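Spelled out from the first residue to the last, the chains are:
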Amino acid sequence: MNHCKASVGILIGLILLCISSLMILKSKSETYLAIIDQLETTFQTGSIEDTLVVYDKLESELEKYHNITGLFVNGTELDEMREIVSSLKPMILANQKNTSAEIARLRMLVQNLYEEELPEFWNIL
Amino acid sequence: MTIVLIRAFILYLVVMFSIRLMGKRQLGELQPAELVTTILISNIATLSLEDIEIPLLHGIMPILALVCFEVLVSWISLKSVKFRRLISGSPKIIIRDGILDQDMLRTLRFSVDDVMTALRLGGIFSIEEVQFAIVETNGSVSVYQKSADQPATKEDVHTAKKDCNPPQVIIADGQLREHALASIGQDRKWLDLILRNSGTSIPEIFMMTADQACRYQIIKKDQKN
């Protein structure tokens, strides 16, 4: 009977952990997406200095994002995000046209990361 | 490398905890559900150990969840016969009164060699000696011999004595086990008397056993120890 009670307790704990991990991922992703949008907007205005300021914010936020979401998200996808972010700086400095495309790819990755964790039919199967 | 070592240690603790949670039944014969759970746990633990890109929680969570499901399933099985039959199946009779049930053997995909092996392991070499042979839910075969072929018991030859509990270890490596002494219905006074008569003391004894009939055996420590 004690084993049963312990099992029920652990299962409840696991469910709570799953829910909280989703909530954390959602909140962190939203914060990160907001910075990505800000970077995109600033880049469109053409000010490299302002874009670099937002980029620094994006880079420091990525560390926090990586540390927390790395607990429950596969490391490969987070590494891909890191790769994109590190390639953005030289692109911004060179004012390359495909910077927007890379920012869009980063946005897509962050969105997917959360959506893939949602317990939806196609994700489960 | 260090990460792998730390992850291995954490997973070891989780797997050990899980096996303890599954209970002692796990250590004996495995039921189908228990076998599935055990195989899955070992696979999940291996994956999490090998690939450090996979978060440790992705390994720990399914292990704990599977064990919890297993404990709950066994608890429901305990309460509901129908559920137990669904999960574990039911025992099947393959030999009745010395006659093989061939249809049942086909259903269970048991060969004659399997049956004979099981009988021989039980010390039986002829099917005719068997009253009942039953394939249990864990796949083992229980055999009940015909009365004429069963070995005579002490009761049959009227030499049976009063049932007595097996001897208990009272002293192990110079340490007294109070609960063992109490379980044979004796106290410290009795023990002191025995030790005085034997000319020894508790620290000098390697092992002492005693039963309810006050029969005891003392093995002293070797001098070099």
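Residues numbered from 1 in each chain as written. Chains lettered and ligands numbered in written order. Predicted model: local features only at pLDDT ≥ 70, side-chain atom pairs only at ≥ 80, totals over all residues. Heavy atoms only, no water.

**Structural notes on the overall build of chain A**
Link 1 in the chain: When helices and strands are tallied, chain A shows 5 helices and 0 strands.
Link 2 in the chain: Considering only contacts in chain A between residues 6 or more positions apart, those separated by 24 or more positions represent 66%.
Link 3 in the chain: Counting every atom, chain A has about 7,200 Å² of accessible surface; 61% of that belongs to carbon and sulfur. (Helix = DSSP H or I, 4+ residues; strand = E, 2+ residues; numbered from the N terminus. Contact = heavy atoms within 4.5 Å. Areas by Shrake-Rupley, 256 points an atom, 1.4 Å probe, with all protein chains shown as cover.)

**A word on the packing of helix α3 (residues 56-79) of chain B against helix α4 (residues 81-88) of chain B**
All names here are of chain B.
Link 1 in the chain: Between α3 and α4, the shortest axis-to-axis distance is 6 Å and the interhelical angle comes to 130°. When the axes of α3 and α4 are compared, the pair comes out oblique. Crossing hand, α3 versus α4: left-handed. Residue-level inspection shows V73, I76, S77, L78 and K79 of α3 in contact with α4, the latter providing V81, F83, R84 and I87.
Link 2 in the chain: A breakdown of the residues in the contact of α3 with α4 according to their chemical character gives 6 nonpolar, 1 polar and 2 charged. (Axes fitted to C-alpha atoms, helices over the stretch in contact; angles between N-to-C directions. Parallel < 35°, antiparallel > 145°, perpendicular 65-115°, else oblique. Left-handed = near helix turned anticlockwise from the far one by under 90°. Nonpolar A, V, L, I, M, F, W, Y, C, P; charged D, E, K, R; others polar.)

**Notes on the interface of chain B and chain A**
Link 1 in the chain: With 17 residues of chain B at the contact, the number on the chain A side is 19 residues.
Link 2 in the chain: When the area that chain B buries against chain A is broken down by residue, the three leading residues are L21, E53 and M61 of chain B, summing to 32%.
Link 3 in the chain: Summed over the shared surface of chain B and chain A, the number is 0 salt bridges.
Link 4 in the chain: Of all the secondary structure elements, the ones that give two or more residues to the side of chain B that touches chain A are α1 (2-22) and α3 of chain B.
Link 5 in the chain: Sorting elements by how many residues they give to the side of chain B that touches chain A places α3 of chain B first, with 10 residues.
Link 6 in the chain: For the side of chain B that touches chain A, the residue count by class is 13 nonpolar, 2 polar and 2 charged. (Buried area = accessible area lost by both parts, 1.4 Å probe. Salt bridge = Lys/Arg side-chain N within 4 Å of Asp/Glu carboxyl O.)

**Details of the sheet that holds strand β7 (residues 205-210) of chain B**
Strand pairing in a sheet takes place through backbone hydrogen bonds and is either antiparallel or parallel in direction.
Link 1 in the chain: Reading across from one edge, β6-β5-β7-β8 (chain B) is the order of the 4 strands in this open sheet, with antiparallel pairing throughout. Two strands lie at the open edges of the sheet, namely β6 (175-176) and β8 (216-220) of chain B, each paired on one side alone. (Pairing = 2+ DSSP bridges.)

**Considerations on the confidence of the model for chain A**
Link 1 in the chain: On average, residues of chain A score 86 in pLDDT, and 100% of them reach the 70 mark or higher.
Link 2 in the chain: Mean pLDDT across the secondary structure elements of chain A bottoms out at helix α5 (residues 121-124) of chain A, with 77, and peaks at helix α1 (residues 2-45) of chain A, with 89. (pLDDT = per-residue confidence, 0-100.)

**Looking at the side chain of T69 of chain A**
Link 1 in the chain: The topology assignment puts T69 of chain A in helix α2 (residues 48-69).
Link 2 in the chain: In contact with T69 of chain A, other than residues within four places in its own chain, are L25 and L78 of chain A.

**What about the packing of helix α3 (residues 75-93) of chain A against helix α4 (residues 99-115) of chain A?**
All names here are of chain A.
Link 1 in the chain: Remark: α3 packs on α4, axes separated minimally by 10 Å, with the N-to-C direction vectors making an angle of 160°. Viewed along their axes, α3 and α4 adopt a mutual orientation that is roughly antiparallel. The element α3 and its partner α4 pack so that their crossing is left-handed. Within the contact between the two elements, α3 uses E77, L78, E80, M81, I84, V85, S87, L88, M91 and I92 and α4 uses T99, E102, I103, R105, L106, L109, V110 and L113.

**What about the pairing of strand β3 (residues 130-135) of chain B?**
Residue and element names in this part refer to chain B.
Link 1 in the chain: The pairing of strand β1 (residues 92-96) with β3 spans 4 bridges and is classified as antiparallel. Bridge pairing in β3 places R96 opposite F132.
Link 2 in the chain: Bridging between β3 and strand β4 (residues 141-145) involves 5 bridges; their strand directions are antiparallel. Paired with V135 across the two strands is V141, which belongs to β4.
Link 3 in the chain: Where β3 folds back on β4, the antiparallel hairpin that results is connected by 5 residues, among which G139 adopts a positive phi of roughly 95°.

**A few points about the side chain of S100 of chain A**
Residue and element names in this part refer to chain A.
Link 1 in the chain: With respect to the helices, strands and loops of the structure, S100 is situated in helix α4.
Link 2 in the chain: Of the polar contacts made by the side chain of S100, one reaches the side chain of Q44; its length is 3.4 Å.
Link 3 in the chain: In contact with S100, other than residues within four places in its own chain, are E40, F43 and Q44. (Polar contact = N/O pair within 3.5 Å; in protein donor to acceptor, adjacent residues only side chain to side chain.)

**Some thoughts on the pattern of salt bridges**
Link 1 in the chain: In total, this model carries 10 salt bridges over all chains according to the counting rule given.
Link 2 in the chain: R105 of chain A is the salt-bridge partner of E102 of chain A, the closest N and O atoms lying 3.3 Å from each other. Of this pair, E102 of chain A and R105 of chain A both sit in helix α4, 3 residues apart, which is roughly one turn of the helix.
Link 3 in the chain: Look at E102 of chain A and you get buried, because its relative accessible area is 16%.
Link 4 in the chain: For R105 of chain A, a relative accessible area of 39% corresponds to the partly exposed category.
Link 5 in the chain: Linking R215 of chain B and D211 of chain B is a salt bridge whose minimum nitrogen-to-oxygen distance equals 3.0 Å.
Link 6 in the chain: Overall, R215 of chain B belongs to the exposed group, its relative accessible area being 53%.
Link 7 in the chain: Via salt bridges that share partners, E80, E102 and R105 of chain A belong to a single interconnected network. (Buried < 20%, exposed > 50% of the residue type's maximum accessible area, 1.4 Å probe, protein only.)

**Observations regarding the environment of I10 of chain A**
Link 1 in the chain: The residue I10 of chain A is located in helix α1 in this model.
Link 2 in the chain: For I10 of chain A, the contacting residues outside a window of four places in its chain are F17, L21, L64 and C68 of chain B.

**Looking at unusual backbone geometry**
Phi is mostly negative for residues that are not glycine, and the peptide bonds are mostly trans.
Link 1 in the chain: The phi dihedral of D97 of chain B falls on the positive side, at around 55°, and the residue is not glycine.
Link 2 in the chain: Structurally, D97 of chain B can be placed in the loop between β1 and β2 (99-100).

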